[in-house]
Amino acid sequence: MENNNRNTILAVVLSILVLIGWNIFYISPKIEEERRAAEIAQQREAAQSGSTTSQQDSDDAAVPQSEDNASAPQSVDNGDLTSREEALSATPRVTISSELLSGSINLKGARFDELKLNKYRETIDDESPLIELLHPSGTRNAYFAEFGFTPNKELGDLPGPKTVWNTSSTTLSGGGSVKLDWTNPQGIKFERSIALDEQYMFTITDTVLNNTGSEIQITPYGRIARFTKPDTENIFVLHEGLIGFFGEEGLQEVDYSDVEEAAQISHSRANGGWIGITDKYWATALVPQSSFKPRFAYFDNGIPLYQADFIGEQKTVAAGSSVNIEQRLFAGAKKSDIIDQYEADLGILKFELMIDWGWFHFITKPLFWLLNQLFAIFGNFGVAILIATVIIKAIFLPLANMSYASMAKMKKLQPEMLQIRERFGDDRMKQQQEIMALYKRDKINPAAGCWPILIQIPVFFALYKVLYVTIEMRQAPFFGWVQDLAAPDPTSIFNLFGLLPFEVGGFLLVGIWPIIMGITMFVQMQMNPAPPDPTQAMIFKWMPLLFTFMLATFPAGLVIYWAWNNFLSILQQGFIMKRHGTKIELLDNLKSMFSRKPKEG
């Protein structure tokens, strides 16, 4: 009875965890999605009835103004919106063309405001559009990065949003660079080199030549500006929004709603780190090469503007001399090996935290590393999950064997335990003493049976995290109908797996792999004797069906893992039970379940 009670408690706890997860990962995002849709519609109505000031001419109000960032964010008028094509043709540009990136740099402001990711599409369809990371100013979803110098009335105009740079270059290719230059009326010459590596990192080097005849001080800034709030999934396992790592302050994650409420969030000057905006799979980040003062800000006048910016170190330039200032911009996919390489090679402090590994990164990241290594061998992340499951079970094999062996011994003691209960009746204290003596005589640990389930829980959530946040898993195919391990199984039993001519969704999207998972869970539970308590028996009977519906909305890769893990556990538990001479109750339980009970009376 004690073993049955313990298993019941564990089963209920696991059920509650999955129910909570289903509410957080499925129900809450659906509600939030409907709320977002209404909010976006309101924003569009406000934008269409907005003022006549152009977005591109007015967004310079968001330029960082001073070293201390003390001033409150100013209102930024979105103004009239234009099409992407009109915005691109309205200003001179340098084309970006590499294996991974395509787009252009706007010479007005030397602004990175058009960027596509050549290796990633919106859907698994090969003909679907490429992912557009950055968008031109003046468009509804403008999103850009820019470097310049904070305004200084004594020095006149300095490079900023309205500066039109000169260049003889037409194309920036991977591994190459382009040269820009501009001279202000006071005789200060700015030369800018923009280099792009073979992946997603731009290096911006400014050379400032002082031809004014007297010493000057200049202060660089960098900013990433994003108009309109993007669609986010709003679940606690993933951060989407403003992000940065600021030296001793560490990692800072700020949701869009948080910066809306605060208007601006300033931080202490940091020696090392980065600041940017992150989506689920993509990100932009500014990487200053000296100490910097970071800030997150929000501006609103029609369509909201979210901004991550920094003020760099003030530089003194003697008359007739020059100074070099180097900054970096990351704009691309959050691919783990690329992010780690930048951290190691460029010394970017804690750049790995651009990927949301979560609090349990010490489990999540090694698990991802294992899957990635197996993928490099077998070329399929689904196969990698299957093999990783075998490896994980092999690591915990001694513990699991001990647990199953203890459970098998306890099953053999069931007749003696029943005799003890009958002998001592209502004296529960004496029952416990005799049962514990029984355990001690046969060297049984009554808590050992908990370990197989307890071990599975952290691995389950770590794998969920890997499937959910890593771009390597995005649109990763398995075999057959599963073409995206990070998405739910697309089939459904309610339209006979596609045979009937209609689509289903929501809780009716119960595909083949969730059904396989439910069957394996059912078989594993039926290997044990039926609980004598009717409530326990009912829980064990309906739990596999409940899990089938709950996990149907989870990533297919996670359901495949659970089904495969159940299958391996069935083999392992059956072998151990047979070795210890413990009867496997599967057939008897199935017969009793489907046999007709005699009528009373």
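Residues numbered from 1 in each chain as written. Predicted model: local features only at pLDDT ≥ 70, side-chain atom pairs only at ≥ 80, totals over all residues. Heavy atoms only, no water.

Q: Summarise helix α14 (residues 556-579); cite the residues concerned and give the values.
A: The terminal C-alpha atoms of α14, which comprises 24 residues, lie 35 Å apart, in line with the 34 Å expected from a rise of 1.5 Å per residue. Here α14 lies mainly inside the structure; 18 of its 24 residues are buried. Two residues or fewer past α14, glycine 581 is found with a positive phi of approximately 70 degrees. (Helix = DSSP H or I, 4+ residues; strand = E, 2+ residues; numbered from the N terminus. Expected span 1.5 Å × (residues − 1). Buried < 20%, exposed > 50% of the residue type's maximum accessible area, 1.4 Å probe, protein only.)

Q: Describe the nonpolar core, with residues and values.
A: Burial of nonpolar side chains together is a common tendency in soluble globular proteins. Ranked by internal contacts, the top residues of the largest apolar core, which has 121 residues, are Phe112, Tyr200, Phe202, Phe351 and Leu371. The greatest single-element share of this core, amounting to nine residues, is contributed by helix α11 (residues 451-469). Those residues in contact with phenylalanine 202 that sit more than four places away from it in its chain are Ile96, Leu101, Phe112, Leu115, Leu172, Ile194, Ala195, Leu196, Gln327, Arg328, Leu329 and Ala331. If you look at the next biggest cluster of nonpolar residues, it comprises nine residues, including Ala62, Phe299, Ile303 and Leu305. (Core = buried A, V, L, I, M, F, W, Y, C linked by side-chain atoms within 4.5 Å. Contact = heavy atoms within 4.5 Å.)

Q: Residues and numbers for the side chain of lysine 365, please.
A: Position of lysine 365 relative to the elements: it lies in helix α6 (residues 361-378). A polar side-chain atom of lysine 365 sits 3.2 Å from a polar atom in the side chain of aspartate 340. Once residues within four sequence positions are removed from consideration, lysine 365 is found in contact with Asp340, Glu352 and Trp357. (Polar contact = N/O pair within 3.5 Å; in protein donor to acceptor, adjacent residues only side chain to side chain.)

Q: Report on the confidence of the model for the protein, specifying residues and quantitative values.
A: Taken residue by residue, the protein gives an average pLDDT of 82. The fraction at 70 or more is 81%. Of the regions scoring below 50 in pLDDT, residues 34-58 engages in 48 contacts with residues more than four places distant in sequence or in other chains. Below a pLDDT of 50 lies the segment residues 68-78, which in the model reaches 46 contacts outside its immediate sequence neighbourhood of four places, other chains included. (pLDDT = per-residue confidence, 0-100.)

Q: Describe in detail the sheet that holds strand β12 (residues 241-246), supporting the description with residues and values.
A: Think of a sheet as strands paired side by side through backbone hydrogen bonds, with each pair either parallel or antiparallel. Ordered in space as β7-β8-β9-β20-β16-β15-β12-β13, the eight strands form an open sheet in which the pairing is antiparallel. Edge positions in the sheet fall to β7 (177-183) and β13 (250-254), since each has one partner strand and no second. Pairwise comparison of adjacent strand axes, ignoring direction, gives a mean angle of 15 degrees for this sheet. When strand β15 (residues 273-278) meets strand β16 (residues 282-288), the two strands line up antiparallel, connected through four bridges. The partner of isoleucine 277 across the bridge, within β16, is threonine 284. (Pairing = 2+ DSSP bridges. Axes fitted to C-alpha atoms, helices over the stretch in contact; angles between N-to-C directions.)

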